[in-house]
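Fold and contact review
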Amino acid sequence: MDTSTHAIIGLGLAGLSQWDPLVVSEPATATAVFFGVLLGSQAPDADTALKWKSNILYIRQHRGYSHSLPMIAVWSFLISGVLTWLNKGASFTHVLLWTGLAVCLHVLTDVFNAYGTQAVWPFTKRWISWNIIALFDPIIFSTHLIAIALWGFGILSPRVLFPALYLLLITYYVWRTHVHRQVERQLPLLDKEYEKGEIYTIIPTVALSRWNVVKRSPNGSFMIGHWKRGILHWTERAVCHDHPAVEASKSHPAVRALLYFSSYACATVEHTGYGYAVRWVDVRYRHRKQYPLVAIVMMNLKYETLDYFIGWLSHTRTVKRYGLE
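Residues numbered from 1 in each chain as written. Predicted model: local features only at pLDDT ≥ 70, side-chain atom pairs only at ≥ 80, totals over all residues. Heavy atoms only, no water.

With respect to the UniProt feature "transmembrane region" (unreviewed entry) in the protein chain
Where we set the bar: UniProt positions are given in the numbering used here, feature names are shortened, and annotations may be inferred rather than shown by experiment. Secondary structure elements are defined from DSSP: runs of H or I of at least 4 residues count as helices, runs of E of at least 2 residues count as strands, and each element is numbered from the N terminus.
In the UniProt entry, the feature "transmembrane region" (unreviewed entry) is given for residues 68-86, 92-115, 127-150 and 156-175. Taken as a whole, residues 92-115 contains 83% helix and 0% strand, while its terminal C-alpha atoms sit 34 Å from one another.

So this is what it looks like as structure tokens:
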């Protein structure tokens, strides 16, 4: 999920913690739990700081080890230990319980969207993304906002309000999972161009009635489109180039970082005045007729790197920076 959603879920858990009698009765525990769920709901994204060191490192590691099983325990115990030490008399067990819940929910909600996490490392390095909830989901955000407002203005008791909210959201997640499976099963029947061996991936959007669709063909190309209210519409074919420059670019750290977490990368080669521009894109993220998540390697005619970029860019800025007219 996005940062704002994680933050508002932290506030929601603060409301839910009012269900705990010890939190209500002990001010020190209440304070520690309040800050514990706020920090716990953000802690796994501490790897965002890697941006300051290197975009390559950030792209490769974001939502990686920081969201893994060992780090769930580390974040939970570290935050709880510090807060219990700062708030003398607070119950470590209760602070750990609520902080751990916040950390676990952060990782779990990230698993449900398209970017995914390495949640089960060290058992596997595979990225897990269930493609069920959008990075920003208006239902999750708005229901939390309403509940927090009702709590803040004293209209409803948090002990009633927040258990009801999370039961509602559990039902919402179950429903979205069911819809995801139903849409996925429909696609081969709806696709008039379907051929044996093609694989579909459907990706949630902020619109509940629309899912983006990526179809991988055995020849390595991708079809990009969307499903909306039972109708499948293809908008673009992404053809991946087979060129020596592409193979040479695979040894570059920027490209290796993109390929490390994405199995939906597609490369194209453009001839330039100085040699070649190899552009790798993640075809899952198509926005306004372009692919904003890119790894670009500029090479001379000997396939030696001249410059590179990895990250999120608009097509216009990419063209201006690297002269890809």
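A short note on the state of the cysteines
The condition is simple: By convention in this document, the label disulfide applies to cysteine sulfur atom pairs within 2.5 Å. Only protein chains enter the calculation, and the probe is 1.4 Å; a residue is then buried if its accessible area is under 20% of its type maximum, exposed if over 50%, and partly exposed in between.
For the structure on display, the rule yields 1 disulfide. Two residues share a disulfide in this structure: Cys 240 and Cys 266, whose sulfurs sit 2.1 Å from each other. With the S-S dihedral at roughly -130°, the linkage between Cys 240 and Cys 266 falls on the left-handed side. Note that Cys 240 is positioned in the loop between β4 (231-238) and α9 (244-249) and Cys 266 in strand β5 (residues 265-272), a separation of 26 residues in sequence. Using a relative accessible area of 26% as the deciding quantity, one classes Cys 240 as partly exposed. Exposure remark for Cys 266: the relative accessible area of 3% places this residue in the buried category.

A few points about the packing of aromatic side chains
To keep things clear, this is the line we draw: Between rings of Phe, Tyr and Trp, where Trp is taken as its six-membered ring, a pair exists when centres lie within 6.5 Å; planes separated by under 30 degrees are stacked, by over 60 edge-to-face, and by other angles tilted. Two thresholds decide whether a charge sits over a ring: the Lys NZ or Arg CZ must be within 6 Å of the ring centre and within 35 degrees of the ring normal.
Taken as a whole and judged by the stated rule, the model has 18 aromatic pairs. Ring centres 6.2 Å apart and planes at 35° place the aromatic pair Tyr 172 and Trp 175 in the tilted group. With Tyr 172 and Trp 175 both in helix α8 (residues 158-190) and 3 residues apart, the pair spans about one turn of that helix. Of the residues examined, Tyr 172 reaches a relative accessible area of 9% and is grouped as buried. Ring centres of Tyr 285 and Trp 312 lie 5.3 Å apart, and the angle between their planes is 65°; this geometry places the pair in the edge-to-face category. In this pair, Tyr 285 is assigned in the loop between β6 (275-282) and β7 (293-299) and Trp 312 in strand β8 (residues 305-312), connecting sequence segments 27 residues apart. In this structure Tyr 285 comes out as buried when scored by relative accessible area, which is 11%. Take Trp 312: its relative accessible area is 42%, and that puts it in the partly exposed class. An aromatic cluster of at least three residues, connected via ring pairs, comprises Tyr 115, Trp 127, Tyr 260, Phe 261, Tyr 285 and Trp 312. The ring of Tyr 264 is capped by Arg 216, whose NZ or CZ atom sits 5.1 Å from the centre of that ring.

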